[in-house]
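In case you want the letters, here they are:
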Amino acid sequence: MAGAKKTRELLDELGVAYDYIYVDLLHGDEREKALSELRKWNPSLSFPTLVIDDGDVIVGFDALSIKSALR
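A brief structural summary. Given the structure is predicted, the values throughout are model-derived calculations rather than measurements.

Relative to the 20 Å expected for 14 residues at 1.5 Å per residue, helix 2 (residues 28-41) spans 21 Å between its end C-alpha atoms, a close match to the ideal helical length. For helix 2, the complete set of buried residues consists of A34, L35 and L38. Down the axis of helix 2, the buried set is contained in an arc of 95°. They therefore lie on one face. Within helix 2, the exposed residues directed more than 90 degrees away from the buried face are D29, K33 and K40. Close packing links the buried residues of helix 2 with strand 1 (49-52).

What follows deals with the layout of surface pockets. Roughly 910 Å³ of internal volume is contained in the largest pocket. Those elements that place two or more of their residues in the lining of the largest pocket are helix 1 (2-14), helix 2 and strand 1. If one sorts the elements of the lining of the largest pocket by residue count, helix 2 sits on top with 7 residues. Its residues assigned to classes, the lining of the largest pocket comprises 21 nonpolar, 2 polar and 9 charged.

It is worth spelling out a nonpolar patch on the surface at this point. A cluster of nonpolar side chains, contributed by V51, V57 and V59, occupies part of the molecular surface with about 180 Å² of accessible area. Locating V57 in the fold gives a position in strand 2 (residues 56-59).

Right, let's get into the pattern of salt bridges. What the rule picks out here adds up to 1 salt bridge. The partner of E37 in a salt bridge is K40, and the shortest N-O contact between them spans 3.1 Å. In this pair, E37 and K40 are both assigned in helix 2, 3 residues apart and thus about one turn of the helix distant.

Conventions and cut-offs
- In every chain, residue numbers begin from 1 and rise along the written sequence.
- Reporting in this predicted model follows two pLDDT cut-offs: at least 70 for local features of residues, and 80 or more for side-chain atom pairs to be given and counted; totals over whole chains, interfaces and linings ignore these cut-offs and use all residues.
- The basis for the side-chain values is all heavy atoms of the structure; hydrogens and waters are excluded.
- Secondary structure elements follow DSSP: runs of H or I no shorter than four residues count as helices, runs of E no shorter than two count as strands, and numbering proceeds from the N terminus.
- For a helix, the expected span equals 1.5 Å multiplied by the number of residues minus one.
- Buried, partly exposed and exposed residues are distinguished by accessible area as a fraction of the type maximum, computed with a 1.4 Å probe on protein chains only: under 20%, between the cut-offs, and over 50%, respectively.
- Comment: arc refers to directions from the helix axis out to C-beta atoms.
- The contact rule is simple, with two residues in contact once any of their heavy atoms fall within 4.5 Å.
- As defined here, a cavity is a set of points on a 1 Å grid over the protein atoms alone where a 1.4 Å probe fits but cannot get out. A pocket is an open set with protein on both sides within 12 Å along at least five of seven lines, and residues line them when an atom is within 4 Å of a point.
- Grid points are joined across faces, edges and corners, and a volume is the space filled by probe spheres set on the points.
- Gly is placed with the polar residues, together with every amino acid not listed as nonpolar (Ala, Val, Leu, Ile, Met, Phe, Trp, Tyr, Cys and Pro) or charged (Asp, Glu, Lys and Arg).
- Patches in this entry comprise residues that are over 30% relatively accessible and not in a salt bridge; like charges within 9 Å are linked, as are nonpolar side chains (Val, Leu, Ile, Met, Phe, Trp, Tyr) within 5 Å.
- Computed with a 1.4 Å probe, the accessible areas rest on the Shrake-Rupley method; for each residue, only the protein chains presented here act as cover.
- Think of a salt bridge as a Lys or Arg side-chain nitrogen and an Asp or Glu carboxyl oxygen that are within 4 Å of each other.

This is the structure we're talking about:
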């Protein structure tokens with residue numbers, strides 16, 4: 001999950017407020033609910049999946065795409 005860590009570090013560096021869900025730490029219904037929501041944005045369920053303002057979706061760590069979507 002190096003990409004997830006790099007994504008969080010970049011968002012922190014940019015001063016962006018965000019919610020981060022550790023899906024691998026969830027259990028039962030809570031985990032299923034999170035995965036169901038994730039499938040709407042990224043059917044392959046790969047991480048990290050960054051959803052910006054319920055619109056732009058960036059899968060994997062891509063600093064240029066993240067910075068561009070946040071402008």
